[in-house]
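Analysis of the macromolecular model
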Amino acid sequence: MTRSDGYLLDNRQSEAGQRFDAFATLFDPTTFRHLEGFGVGPGWRVWEVGAGGTSVVSWLAKKVGPTGKVIATDIDTSKVASAARPPIEVRVHDVGAEEPPGEGFDLVHARLVLVHVPDRERALHSMIKSLRPGGRLLVEDADPALQPLLCPDEHGPEQQLANRLRHGFRELLADRGADLSYGRKLPRLLREAGLRRVEADAYFPVTSPACDVLESATVRQIRDQLVTAGLATDEDIDRHLANVASGTMDLATAPMISAWGRKA
């Protein structure tokens, strides 16, 4: 395989909305727990990086109220544009290539974003640069290499096929420059960037209806790439999608590692 450019999971594809809904079901409780712990409230200025869907920005908007501001950015804002009303402002923005969309933010948050950004180091420093002194950064990202299996309990041919296709998905991600072990690096990277009081934890769904929805939408979204790269056949994919639809398999996600700290 040769190195490819571009984001593998295009927001404009029909399956993207299903993926965002599944992410919200799986990960919003963890994200909101951390944000609640920071005391997000009226008047806060927040930058939501790589917003994707609307669940997090809508929650933040309710917290900061009319005196606050939530700037939601993404390279493709097609799925978040519907949320663009005060206090939410939506902007097309590439966090790995452009200057931040403001400064003096009380909070900057990115979820499942930086692992896909080619210049992750620049993106992280841009996010920190945009914070006010004492401002909070929360970065949440996957670590597919830490737990690479779709079915940790690989006890039959259905699970073996699922894990083979998940391996193919990881190959496609790596081919596009994703760092599949990025999540575990976050605490160190935040400390090295000068943040204080750095902490981290992880959330690892093992089985859930939302995991089934996420897997089905993801495989349908990357179907052509899997086949073109010789990582799966159409028959493999049809059989796997039928297995997922049966609801009889325990499907997991990669651990999502949340790391946070304060700007000095």
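Description of the structure in this document. Computed from a predicted structure; not experimentally measured. (Residues numbered from 1 in each chain as written. Predicted model: local features only at pLDDT ≥ 70, side-chain atom pairs only at ≥ 80, totals over all residues. Heavy atoms only, no water.)

Quick notes on the sheet that holds strand S7 (residues 256–262)
Defined as follows: The pairing criterion is simple: DSSP has to find at least two bridges between the two strands. Under the scheme used here, helices are H or I runs from DSSP no shorter than 4 residues and strands are E runs no shorter than 2 residues, and both carry numbers assigned from the N terminus. Under this scheme, a helix contributes an axis fitted over its contacting stretch, all axes are lines through C-alpha atoms, and angles between N-to-C directions fall in the 0 to 180 degree range. Only heavy atoms matter for contacts: two residues are in contact if any of them lie within 4.5 Å across the pair.
Taken together, 7 strands build an open sheet; the order of strands is S3-S2-S1-S4-S5-S7-S6 and the sheet is mixed. Lying at the two open borders of the sheet, with one neighbouring strand each, are strand S3 (88–92) and strand S6 (196–203). The sheet shows a mean angle of 15° between the axes of neighbouring strands, taken without regard to direction. Summarising the sheet, strand S1 (residues 45–49) and strand S2 (residues 69–74) pair through 5 bridges and their orientation is parallel. Note on S2: the bridge partner recorded for Glu 48 is Ala 72. Against the sheet, helix H2 (residues 55–64) engages S1, S2, S3 and strand S4 (105–111), with an angle of about 165° to S2.

A few points about helix H6 (residues 209–228)
Our working definition: Here, expected helix span is obtained from the residue count minus one, scaled by 1.5 Å. Note on bend: the value at a residue is the angle between axes fitted to the seven residues ending there and to the seven starting there. Any N or O atom pair separated by 3.5 Å or less is treated as a polar contact, with the protein-specific requirement of one donor-capable and one acceptor-capable atom, and with residues adjacent in sequence counted only for side-chain atom pairs.
Its 20 residues give H6 an end-to-end C-alpha distance of 29 Å, which sits within 8% of 28 Å, the value for a rise of 1.5 Å per residue. In the structure, H6 departs most strongly from a straight axis at Ile 222, where the bend amounts to approximately 55°. Looking at where H6 begins, the residue whose side-chain oxygen comes 3.0 Å from the main-chain nitrogen of Ala 210 is Ser 208.

A few points about the side chain of Glu 215
Here is the rule: Think of it in three bands: residues with accessible area under 20% of the maximum for their type are buried, residues over 50% are exposed, and the middle band is partly exposed, with areas taken using a 1.4 Å probe on protein chains only.
Note on placement: Glu 215 falls in helix H6. Overall, the relative accessible area of 3% leaves Glu 215 in the buried class. Contacts of Glu 215, omitting those with residues within four sequence positions, involve Leu 150, Arg 166, His 240, Val 244 and Leu 251.

A look at the pattern of salt bridges
So the rule is basically this: A carboxyl oxygen of Asp or Glu within 4 Å of a side-chain nitrogen of Lys or Arg is what we treat as a salt bridge.
Enumeration according to the criterion identifies 17 salt bridges in this entry. The closest approach of N and O atoms between Asp 106 and Arg 132, which form a salt bridge, is 2.5 Å. Here Asp 106, found in strand S4, pairs with Arg 132, found in strand S5 (residues 131–142); they are 26 residues apart in sequence, far enough to count as distant. Given a relative accessible area of 30%, Arg 132 falls into the partly exposed group. Taken together, the salt bridges that share partners define one network made up of Lys 69, Glu 89 and Arg 91.

Here's the deal with unusual backbone geometry
For the bond running from Pro 86 to Pro 87, omega is 10°, close enough to zero to count as cis. With a phi angle near 55°, Leu 112 is a residue other than glycine that sits in the positive phi range. Tracing the backbone shows Leu 112 in the loop between S4 and helix H3 (120–129). The backbone of Arg 197 shows a phi angle near 55°, a positive value even though the residue is not glycine. Assignment of secondary structure puts Arg 197 in strand S6.

Observations concerning the pairing of S4
Most of S4 is tucked away: 7 of the 7 residues are buried. With 4 bridges joining them, S1 and S4 adopt parallel strand pairing. From the neighbouring strand, Glu 48 faces S4, where its bridge partner is His 109. Two elements, S4 and S5, share 6 bridges in a ladder whose sense is parallel. Each residue of the ladder has a partner; that of Leu 107, found in S5, is Arg 136.

Some thoughts on the nonpolar core
This is how it is decided: Think of a nonpolar core as a cluster: buried Ala, Val, Leu, Ile, Met, Phe, Trp, Tyr and Cys residues, connected wherever their side-chain atoms sit within 4.5 Å.
Leu 114, Leu 124, Met 127 and Leu 137 are the most contacted members of the largest nonpolar core, which totals 24 residues. Every element with two or more residues in this core is listed here: S1, S4, H3, S5 and helix H5 (186–192). Broken down by element, the residue count for this core peaks at 4 residues, all from H3. Apart from the residues within four sequence positions on either side, Leu 124 is in contact with Leu 114, Leu 137, Val 139, Tyr 182, Leu 189 and Leu 190. Grouped together as the second largest cluster of nonpolar side chains are 21 residues, Ala 51, Val 64, Val 80 and Trp 260 included.

Functional significance is not addressed by these values, which are geometric in nature.
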